[in-house]
Amino acid sequence: GKATPATASTRSHSRAAEPASPSAARTQLSPSPTAVSTSPPASSLVALGAGVTGNRSAVQVAAFVANYFSAINNRDFASYSALFAPSAATITSARQFKADYGSTHDSKVVLSSLTSTGSGGWAAGISFTSHQSAAESATHTACTAWNITLYLSPSGSSYLIGSPPAGYQATFRAC
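This text gives an overview of the structure that appears in the document.

How each quantity is defined
- Residues numbered from 1 in each chain as written.
- Predicted model: local features only at pLDDT ≥ 70, side-chain atom pairs only at ≥ 80, totals over all residues.
- Heavy atoms only, no water.
- Helix = DSSP H or I, 4+ residues; strand = E, 2+ residues; numbered from the N terminus.
- Buried < 20%, exposed > 50% of the residue type's maximum accessible area, 1.4 Å probe, protein only.
- Contact = heavy atoms within 4.5 Å.
- Areas by Shrake-Rupley, 256 points an atom, 1.4 Å probe, with all protein chains shown as cover.
- Phe/Tyr/Trp six-rings, centres within 6.5 Å; stacked < 30°, edge-to-face > 60°.
- Pairing = 2+ DSSP bridges.
- Arc of directions from axis to C-beta.
- Disulfide = S-S within 2.5 Å.

### Considerations on the overall build of the chain
The number of helices and strands found in the chain is four helices and six strands. Across the 175 residues in the chain, those meeting the buried criterion constitute 50%. Of the contacts formed within the chain by residues at least 6 apart in sequence, a portion of 67% connects residues at least 24 apart. Put simply, the chain shows about 7400 Å² of open surface, and 56% of that area lies on carbon and sulfur atoms.

Here you go:
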């Protein structure tokens, strides 16, 4: 969709998931909505990259990341908003969510890096491809390749997406 990580036009993926440094923050996710009946199960949405295969937390983080992308692809604002810490939520209404991600579908999601942020938290580097209306794209094309970082804090048996460090920038390019 139009939302890009770290800018008003790429609200949800950029603000909550943008990395502070190139090594810590790889890419911001851009949500992609898909009809619920045609979306793959969340568990099949995220592949583990070579950079995380030895990390025992990678599967749990990948499951969380899959929920993030599944909510975007299914245009499920309630599920999407529940993934964010209250102070980190950048999209605060279903209307804004639909405006930012109404034509978006994310795929080829790879959890490429995990960096501990302490106290059980992770900076999760993620790459993915976003297909959307060119008018709603950060690149003004129908396909955008993203690299983002989601900053995750432990919450019960899962995580919440927190605010990125100051200066974090997701990267993206037309595919």
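### Focus on the packing of aromatic side chains
Evaluated as defined, the whole model comprises 13 aromatic pairs. On the numbers, 6.1 Å between centres and 80 degrees between planes, the contact of Phe64 with Tyr159 is edge-to-face. With Phe64 in helix α2 (residues 58–73) and Tyr159 in strand β5 (residues 158–162), the pair connects residues that are 95 residues apart, well separated along the chain. On the accessibility criterion, Tyr159 (7% relative accessible area) is buried. Among the aromatic residues, those joined into a cluster by ring pairs are Tyr68, Phe69, Phe77, Tyr80, Phe84, Phe97, Tyr101, Phe128, Trp146 and Phe172.

### Here we look at the pairing of strand β2 (residues 105–118)
Judged from the three bridges that link them, strand β1 (residues 46–48) and β2 form a sheet pairing that is parallel. Paired with Ala47 across the two strands is Val110, which belongs to β2. When β2 meets strand β3 (residues 121–131), the two strands line up antiparallel, connected through 10 bridges. Within the sheet, the bridge partner assigned to Leu114 lies in β3 and is Ala124. Linking β2 to β3, which pair antiparallel, is a turn of two residues; within it Ser119 sits at a positive phi near 55 degrees.

### What about the pairing of β5?
Note: strand β4 (residues 143–155) against β5, five bridges, orientation antiparallel. From the neighbouring strand, Ser155 faces β5, where its bridge partner is Ser158. What sits between the antiparallel neighbours β4 and β5 is a turn of two residues, in which Gly156 has the positive phi angle 65 degrees.

### Section: helix α4 (residues 94–101)
By the burial criterion, the buried members of α4 are Gln96, Phe97, Asp100 and Tyr101. Across the axial projection of α4, the buried residues extend over an arc of 105 degrees, all falling on one side. Those residues of α4 that are exposed and angled more than 90 degrees off the buried face are Arg95 and Lys98.

### Examining the state of the cysteines
Tallied over the full model, the rule gives one disulfide. Put simply, Cys143 and Cys175 are joined by a disulfide, and their sulfur atoms are 2.0 Å apart. Between Cys143 and Cys175, the S-S torsion sits near -85 degrees, and that sign places the bridge as left-handed. In this pair, Cys143 sits in strand β4 while Cys175 sits in the segment after β6 (171–174), placing the two residues 32 residues apart along the sequence.

### Describing the environment of Gly118
Note that Gly118 resides in strand β2. Residue Gly118 is classed as partly exposed on the basis of its relative accessible area, which comes to 34%. When the C-alpha atoms of Gly118 and Ser153 are compared, they prove to be 9.0 Å apart, with 35 residues separating the residues in sequence.

### Focus on unusual backbone geometry
With a phi close to 55 degrees, Ser119 is a non-glycine residue in the positive phi region. By secondary structure assignment, the location of Ser119 is in the loop between β2 and β3. What makes Ser119 exposed here is its relative accessible area of 76%. Of note, His140 is a non-glycine position whose phi angle comes to about 60 degrees, a positive value. Looking at the element boundaries, His140 is found in the loop between β3 and β4.

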